[in-house]
Amino acid sequence: MSTSVRGSDTARPAAGASPAAGSGRTHRPPLVQRILGTNPLGWLFSAPYLVFVLAIFAFPLCFAVYMSFFDYFFAAPGANVDRPFVGFDNYIQAFTDPQVLQSFVNVGIFLIINVPLTVILSLLLASGLNSIVRFRTFLRVSYYVPYVTASVATIAVWLFLFGQNGLVNQILGPLAPSPSWLSNPALAMPSIAIYVTWKGLGFYILLYLAALQNVPTELYESAATDGAGKIRQFMSVTVPGVRPATVLVLLLATITGANLFTEPYLLTGGGGPEGRSASPVLLIYQQGIQQGHPGYASAIGVILVIGVLIIGWLQNRFVGGRNES
Amino acid sequence: MRKRRIAISLITAGIVAGTLAACGSSGGGSTDAMKAHGPITIWYSNNTQEVQWGKAMVSAWNSAHPKEKIKAQEVPAGKSTEEVIGAAITAGTTPCLVFNNLPAATGQWQKQGGLVDLSKFPDGNKYIEARSGDAAAQYKSADGDYYQMPWKQNPVMIFYNKAIFQKAGLDPEKPDMSTYDKFLAAAQKIKSSGAAPYAIYPAPTSEFFQVNFDYLPLLAAQTGGKTFIEDGKATIADQDSLDVANFWKTIYSDGLAGKEQYQGDAFQDGKSAMAIVGPWAIAYYGDKVQWGSVPVPTKDGKSADETYTFPDAKNIGMYTSCKNQGTAWDVLKFATSQEQDGKLLDVSGQMPIRKDLATTYASYFDSHPAYKEFGAQSARTVDDPTGTNTIAQMQALRDAYTKAVVNGSGSVEDVFKAAADKIDKLQAQK
């Protein structure tokens, strides 16, 4: 649409004039229209959200980028403090700090477990919930309850389940890992990933349930007529039919997973055994809020944002791309 | 359309850049405020005893100073008092006085321009040092001035459960745990007898402040009153520190302490026979546990009157956002007077950081014998440093501790040496 408007307004010669003579006298809309577009009222209607996005997201992001290039720290209003420009020093420090690198490895492990598990389980459970008749409401509510329950409350339950003398270890008996789940450097992050998957599942099931309503039943009937079994129908009809939802689930699970904070903070007491459950956001909190190094914390944050954007782009490219074609 | 996008981008960038520039600039402070008098606000801790003392103190001041009234409230809820204060400094919403300052955070708040230099009051140093004596010196900042008023402390000792000790065949009245070997032997006996699942259960988690309740009290005792940074250098790779760390490592590797975060109070629940606590615990445990207390152990043993520990102190900070700092200084002196200190001791059992505490409040300690040992211990305490990066340094220490001591990963010597280097680097930063 934008191309046709520009073509009609600027590139086309004025009526009655030869192209050569009229090339310098093309019709130009007023300045206000050129800046605000043909429907300036649209800006008015979208202004509240625009202001919200600018104030809550864009400004802090820009400010974080700014801080990351300075030895920045928060100061009292009017205080005469020195915050020298340090160039890329904060970024160099972040890329050479073993703790920061460890935290990105930790969150990578988390995403590798959490994201596929979230997509597969929520799609399977949503399909199941969509097809059953009895106890449907009860089951939907059951899956959704953990999502709406405060993390602090559900984490307490998981601590009792996965503690040294918790229910899980009692069931496992001699097979129980030592050290136990949350105090074991190798198992702390996978345990958190499973917890977060369980907690967020209800929300993603809802997304898939909504998407499943848009898959035409005729496709299932046709597939059945062609001799496709339930598994074949699921793979050939359901999975492609909910691809837009899958892209959304992938993106949301990745973004929320990359911003992991509450769970390692509460489940493993501030970074876990040998820092194996410390996430980048936990380090940002420690550096920026506790230790008074918000400039360095911002650099870690900017790296995280760029990383998430790259992963999101790849996911959209490889999972959502086929949909566009 | 493209030009329009460029125009919008330029306008947006201009607004953002302008705002950033405005935020990035900074002004100067005011010294006139130090002479100003009028109403002030204060925050105090939210524990029941301190609220009770705080209300009574405010009431006493307000009735005598109708033109300089105090408006008091508990520290607003947050993850921690330190985060609330840090945010309030940035926002310019700190009260005049906070009766809950963590000494380790002082340097950071000073750097933020949030704290008033108390030494700048004409009688600042004189008053602080007359009240607290030699103990005050450790609360000076790097520039030699006081940005905090030493207020009260909870010197930590080993609390033990007499019933569990008896069950384990240990002397419940005078257990000898003065050396590492004796402590470990007692701990093994508790575990092997089944009297309790664990001998002791300090929080094994990674929060920076946890070093104050396991490693640092024993370091203070072992070194005769030193902390993890002395003369601007980390001491954690020194032999005394390594002895302390290896002692705790044995505790964990022998299963004498839990490696997992305990949900609840392990000491009160009978899951551990001992705890490292201050005198606040006397009122807290009440009759729920029949307890006794001994000083923290050292490698070769020291008598109680030679043993140092961590004070778990909370001090008073005056904040630069205060307009009537003259009144705030008067209130500060009123709240730390002999009379008010006595009331605080009476209500909370916490020890005012005051020289000659035992003799000044002799009648209190006579009528409260349980507090006598803590009162005596309060004369030998060493607190965290007051540097700009103390919290970051404590975090580096804690990370090393959880790795090498709690989880037993790598040798204590190597891990602590690496942490010492990191602490020294942080020390060199402004």
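Residues numbered from 1 in each chain as written. Chains lettered and ligands numbered in written order. Predicted model: local features only at pLDDT ≥ 70, side-chain atom pairs only at ≥ 80, totals over all residues.

Undergrad: How should I be thinking about the overall build of chain B in this particular structure?
TA: Each helix and strand counted, chain B has 17 helices and 12 strands in total. Against the 2.2 N^0.38 benchmark of 22 Å for 430 residues, chain B shows a C-alpha radius of gyration of 24 Å, consistent with a compact globule. Overall, chain B is about 80 × 65 × 40 Å in size when its C-alpha atoms are taken along their principal axes. In chain B, buried positions account for 50% of the 430 residues. In chain B, of all internal contacts separated by at least 6 residues, the share reaching a separation of at least 24 is 75%. (Helix = DSSP H or I, 4+ residues; strand = E, 2+ residues; numbered from the N terminus. Rg over C-alpha atoms; globule rule 2.2 N^0.38 Å. Buried ≥ 20, exposed ≤ 12 C-beta atoms within 10 Å, placed from the backbone. Contact = placed C-beta atoms within 7 Å.)

Undergrad: Even after reading the chapter, I still don't get the overall build of chain A, so can you show me in this structure?
TA: A count of helices and strands for chain A gives 16 helices and zero strands. Computed over the C-alpha atoms, the radius of gyration of chain A is 27 Å, more than 25% above the 20 Å expected from 2.2 N^0.38 for a compact globule of 325 residues. Each principal axis of the C-alpha atoms in chain A carries an extent, and together these give about 95 × 75 × 30 Å. Here chain A, with 325 residues, has 30% of them falling under the buried criterion. Long-range pairs, those at least 24 residues apart, make up 67% of the contacts in chain A between residues at least 6 apart in sequence.

Undergrad: Whenever I open this one, the interface of chain B and chain A confuses me. Can you help?
TA: By a widespread convention, an interface's size corresponds to the accessible area lost as its parts come together. Contacts between the two partners involve 38 residues from chain B and, on the opposite side, 39 residues from chain A. When residues of the side of chain B that touches chain A are traced back to their parent elements, those giving at least two are α1 (2-24), α3 (81-91), α4 (106-111) and α16 (390-406) of chain B. The biggest single contributor to the side of chain B that touches chain A is α16 of chain B, with six residues. Residue composition of the side of chain B that touches chain A, grouped by class: eight nonpolar, 21 polar and nine charged. (Nonpolar A, V, L, I, M, F, W, Y, C, P; charged D, E, K, R; others polar.)

Undergrad: How do you make sense of the sheet that holds strand β1 (residues 40-44) of chain B when you look at a structure like this?
TA: Pairing between sheet strands relies on hydrogen bonds along the backbone, with the strands arranged either parallel or antiparallel. Residues and elements named next belong to chain B. One open sheet holds the six strands; their spatial order is β2-β1-β3-β11-β4-β12, and the pairing between them is mixed. The open sheet is flanked by β2 (70-74) and β12 (351-352), the only strands paired with a single partner. Of the strand pairs in this sheet, strand β3 (residues 97-101) and strand β11 (residues 314-318) are connected by three bridges, and their pairing is antiparallel. Bridge pairing in β11 places Asn101 opposite Asn315. (Pairing = 2+ DSSP bridges.)

Undergrad: Got a minute to help me understand the domain arrangement of chain B in this structure?
TA: All names here are of chain B. Parsing chain B into structural domains produces domain 1 (32-147 + 314-352) and domain 2 (157-310 + 386-428). Using only C-alpha atoms to locate each centre, domain 1 and domain 2 end up separated by 30 Å. Among the elements that make up the side of domain 1 that touches domain 2, the one with the highest residue count is α4 (four residues). (Domains from an automatic or database assignment.)

Undergrad: How should I be thinking about the pairing of β1 of chain B in this particular structure?
TA: The side chains of a regular strand alternate, residue by residue, between the two faces of the sheet. Residues and elements named next belong to chain B. The buried fraction of β1 is high, at five of five residues. On β1, burial covers both faces: Ile40, Ile42 and Tyr44 on one face and Thr41 and Trp43 on the other are all buried. Bridge count for β1 against β2 is five bridges, and the pairing is parallel. Bridging from a neighbouring strand, Ile42 pairs with Ala72 of β2. Handedness of the crossover joining β1 and β2 through helix α2 (residues 48-64) is recorded here as right-handed. Pairing geometry for β1 and β3, over three bridges, is parallel. Bridging from a neighbouring strand, Trp43 pairs with Val98 of β3. (Right-handed = clockwise from strand over helix to strand, strands pointing away.)

Undergrad: Explain the nonpolar core to me, please; I cannot follow it from the model alone.
TA: In globular proteins that are soluble, nonpolar side chains generally tend to be buried together. Leu97, Phe159, Ile200, Met318, Leu397 and Phe416 of chain B are the most contacted members of the largest nonpolar core, which has 127 residues in total. With 10 residues, the top contributor of residues to this core is α16 of chain B. Viewed by domain, this core spans two of them, domain 1 (32-147 + 314-352) and domain 2 (157-310 + 386-428) of chain B, each represented by three or more residues. The contacts of Leu397 of chain B, once residues within four sequence positions are left out, are Val211, Phe228, Ile236, Ala419 and Ile423 of chain B. Listed in part, the 30 residues of the second largest apolar core include Trp181, Ile192, Leu283 and Ile300 of chain A. (Core = buried A, V, L, I, M, F, W, Y, C linked by C-beta atoms within 7 Å.)

Undergrad: Looking at this structure, how should I read the packing of helix α6 (residues 98-131) of chain A against helix α13 (residues 243-258) of chain A?
TA: The description of two helices packed together rests on the angle between their axes and the distance between the axes. All names here are of chain A. Here α6 crosses α13 at 150 degrees, and the two axes come no closer than 9 Å. Comparing the axis directions of α6 and α13 gives the class roughly antiparallel. Regarding α6 and α13, the two cross each other, and that crossing is right-handed. Contacts from Val107, Phe110, Leu111, Asn114, Val115, Thr118, Val119 and Ser122 of α6 reach α13 at Thr246, Val249, Leu250, Ala253, Thr254, Gly257 and Ala258. A per-class count over the contact of α6 with α13 returns nine nonpolar, six polar and no charged. (Axes fitted to C-alpha atoms, helices over the stretch in contact; angles between N-to-C directions. Parallel < 35°, antiparallel > 145°, perpendicular 65-115°, else oblique. Left-handed = near helix turned anticlockwise from the far one by under 90°.)

Undergrad: Quick question: what am I supposed to make of the packing of α2 of chain B against helix α12 (residues 338-348) of chain B here?
TA: Residues and elements named next belong to chain B. At a minimum axis distance of 9 Å, the contact between α2 and α12 shows a crossing angle of 150 degrees. Overall, the two elements α2 and α12 adopt an arrangement that is roughly antiparallel. Considering the relative orientation of α2 and α12, their crossing is right-handed. Taking contact as the criterion, the partners of Gln49, Glu50, Gln52, Trp53, Ala56 and Met57 in α2 are, on α12, Gln340, Lys343, Leu344, Val347 and Ser348.

Undergrad: Can you walk me through the pairing of strand β4 (residues 149-153) of chain B in this structure?
TA: All names here are of chain B. Across the five residues that make up β4, a large majority, five, are buried. In this sheet, β11 lies alongside β4 in antiparallel orientation, the contact comprising two bridges. Note on β11: the bridge partner recorded for Met149 is Ile316. Pairing between β4 and β12: two bridges, direction antiparallel. The residue of β12 that forms the bridge with Gln153 is Met351.

Undergrad: How should unusual backbone geometry be read in this particular structure?
TA: Leaving glycine out, the prevailing phi sign among residues is negative, and the prevailing peptide bond configuration is trans. The step from Ser178 of chain A to Pro179 of chain A runs through a cis peptide bond, and the omega angle for that step is -5 degrees. On the secondary structure map, Pro179 of chain A appears in the loop between α9 (167-172) and α10 (188-212). One non-glycine residue, Asp312 of chain B, lies in the positive phi region at around 50 degrees. Using a count of 25 C-beta atoms within 10 Å as the deciding quantity, one classes Asp312 of chain B as buried.

Undergrad: Please clarify how the sheet that holds strand β10 (residues 291-294) of chain B should be interpreted in this entry.
TA: All names here are of chain B. If you walk across this open sheet you meet the four strands as β6-β9-β5-β10, and the pairing is mixed. Each edge of the sheet is formed by a strand with only one pairing partner; in this case those strands are β6 (198-200) and β10. Strand after strand, the sheet turns through a mean of 25 degrees between neighbouring axes, direction not considered. Alignment of strand β5 (residues 157-161) against β10, held across four bridges, turns out to be antiparallel. Within β10, the position partnered with Ile158 by the bridge is Val294.

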